[in-house]
Amino acid sequence: NAMSSLSPVSSHAGFCLKAFKKESKEKFFINLCQTDGIPAPEDITDEQLMAILNDGTPSQFKVPMSISQPRPMKDNSGTECQVCDIAVNTTFFKKVETGGLMQDFLITIVFEGIDSKYGIRLDELDWRVLKNKKFVDKLIAHSVANRDVKAVYESYKNPTPEDVVKLRELDGLSTGGSKEVKPKKPLIEEIDPVAIKAMKNDKNKTSGKDAAVYVPDPTKVAISQASCKKPDCRLFREPATGRAKMLIGEFYLPECVS
């Protein structure tokens, strides 16, 4: 069946993360790649992302990505470690490659995706983006199913005209042919930020251990909210009459931690 066929997708270098496994402290590299073969998530702002993260209800905003099987490699010192390739849409990658809240969010859900799919828990507090390497080992090809791509487009709340055209093309592939045989797992993972928080809370209850839930950087939250929140303030002049020699400002910032 054409709809269930697999399509090889080539990816291009993006940036490389050096992380560590939580229990063993072994190195774990992540090649974050970009490709046009995977649909982008819907385009949202940092403010909308913050609202989604703070909302306890299931969200329609999901990040499609392809997660490769972790494979062994050796680092520069000859020590055995592992590497995994993650492919996301090129347009979405360009939005996160310069850093900021959206990049922090993507890295968090990448860690969760690896944990969910392969049971590898990485330390969310101990990682860095390599400055002199865009990838380690080699980049591998990803395979995606037309069915998975179609499911992503169907999840869009506000599809663009181009999205509608693409969905119609995919609908055309599903006509005729033999009965579709579904794979055990989708080849494109759709990571839901709200589901991640719920999953981590469940892990805490069952394991009795405290797990780090995604908490955005307070400074970045303040920046993202700067356009919609104005602080209470008062201005005084000294002396009170005559020519002013000094202006004194009092600002009420209850959400700031000094």
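Please read these numbers as outputs of a predicted model, since none were measured by experiment.

Brief notes about the overall build of the chain
- Scanning the chain from terminus to terminus reveals seven helices and 11 strands.
- When the 258 residues of the chain are sorted by exposure, 39% land in the buried category.
- When the accessible surface of the chain is split by element, carbon and sulfur atoms take 54% of a total near 15,500 Å².

Quick notes on the environment of lysine 95
- Secondary-structure assignment places lysine 95 in helix α2 (residues 90-96).
- In sequence terms lysine 95 and aspartate 43 are 52 residues apart; their C-alpha atoms lie 9.5 Å from each other.
- In this view, lysine 95 contacts Asp43, Ile44, Thr45 and Met102; residues no more than four positions away in its chain are not counted.

A short note on the state of the cysteines
- If you walk through the whole model with that rule in mind, you get zero disulfides.
- You can see cysteine 33 has no disulfide; the closest cysteine sulfur is in cysteine 16, sitting 9.1 Å from it.
- What makes cysteine 33 buried here is its relative accessible area of 1%.
- Distance from the sulfur of cysteine 81, which forms no disulfide, to the nearest cysteine sulfur (cysteine 16) is 9.8 Å.

Section: the pairing of strand β4 (residues 63-67)
- With five of its five residues buried, β4 lies for the most part within the structure.
- In β4, alternate side chains face the same way, and those of Val63, Met65 and Ile67 on one face and Pro64 and Ser66 on the other are all buried.
- In terms of strand pairing, β4 meets strand β6 (residues 80-89) through two bridges, oriented antiparallel. Of the residues in β6, the one forming a bridge with serine 66 is alanine 87.

Thoughts on helix α4 (residues 146-154)
- Of all the nine residues making up α4, seven are buried; the element is thus mostly covered by neighbouring parts of the structure.
- Those residues of α4 lying buried are Asn146, Arg147, Asp148, Val149, Lys150, Val152 and Tyr153.

Let's talk about the pattern of salt bridges
- Per the stated rule, a full pass over the model turns up eight salt bridges.
- Residues lysine 27 and aspartate 75 are paired through a salt bridge, measuring 2.8 Å at the closest nitrogen-oxygen approach. Taken together, the residues lysine 27 in strand β3 (residues 27-35) and aspartate 75 in the loop between β5 (71-74) and β6 connect sequence positions 48 residues apart.
- The salt bridge partner of arginine 121 is aspartate 115, with a shortest N-O separation of 3.9 Å.

Quick look at helix α3 (residues 101-118)
- Taking 1.5 Å per residue as the helical rise, α3 with its 18 residues ought to reach 26 Å, and the 26 Å between its terminal C-alpha atoms agrees with that figure.
- Where α3 terminates, the next one or two residues include glycine 119, which has phi positive at roughly 70 degrees.

What to know about the pairing of β6
- Most of β6 sits inside the fold, with eight of its 10 residues counted as buried.
- Pairing between β3 and β6: eight bridges, direction parallel. If you follow glutamine 34 over to β6, its bridge partner there is valine 88.
- As paired elements, β5 and β6 share four bridges and run antiparallel to each other. Bridging across to β6, proline 72 finds its partner in glutamine 82.
- Following β5, the chain reverses through five residues before pairing antiparallel with β6; glycine 78 in that reversal takes a positive phi of roughly 85 degrees.

A word on the confidence of the model for the chain
- When pLDDT is averaged along the chain, the result is 76; 64% of the residues meet or exceed 70.
- For the stretch residues 210-214, pLDDT sits under 50, and the model shows 13 contacts to residues farther than four places along the chain or on other chains.

Calculation rules
- Note on numbering: residues in each chain are counted from 1, in written sequence order.
- Residue-level local features of this predicted model are given only where pLDDT is at least 70; pairs of side-chain atoms are given and counted only at 80 or more, and the full residue set underlies all totals for whole chains, interfaces and linings.
- The side-chain quantities take in all heavy atoms of the structure and omit both hydrogens and water.
- Helix and strand definitions follow DSSP, with helices as H or I runs of at least four residues and strands as E runs of at least two, each counted in order from the N terminus.
- Relative accessibility under 20% of the residue-type maximum defines a buried residue, over 50% an exposed one, and the middle range a partly exposed one, all with a 1.4 Å probe and only protein chains included.
- Where accessible areas are quoted, they stem from the Shrake-Rupley method and a 1.4 Å probe; at the residue level, only the protein chains shown are allowed to cover.
- Pairs of residues are marked as contacts when any of their non-hydrogen atoms sit within 4.5 Å.
- For this text, the term disulfide refers to a pair of cysteine sulfurs within 2.5 Å.
- Pairing between strands requires that DSSP locate at least two bridges from one strand to the other.
- A pair is scored as a salt bridge if a Lys or Arg side-chain nitrogen falls within 4 Å of a carboxyl oxygen belonging to Asp or Glu.
- Here the expected length of a helix is defined as 1.5 Å per residue gap, with one fewer gap than residues.
- Per residue, pLDDT measures the predictor's confidence, with a range of 0 to 100.

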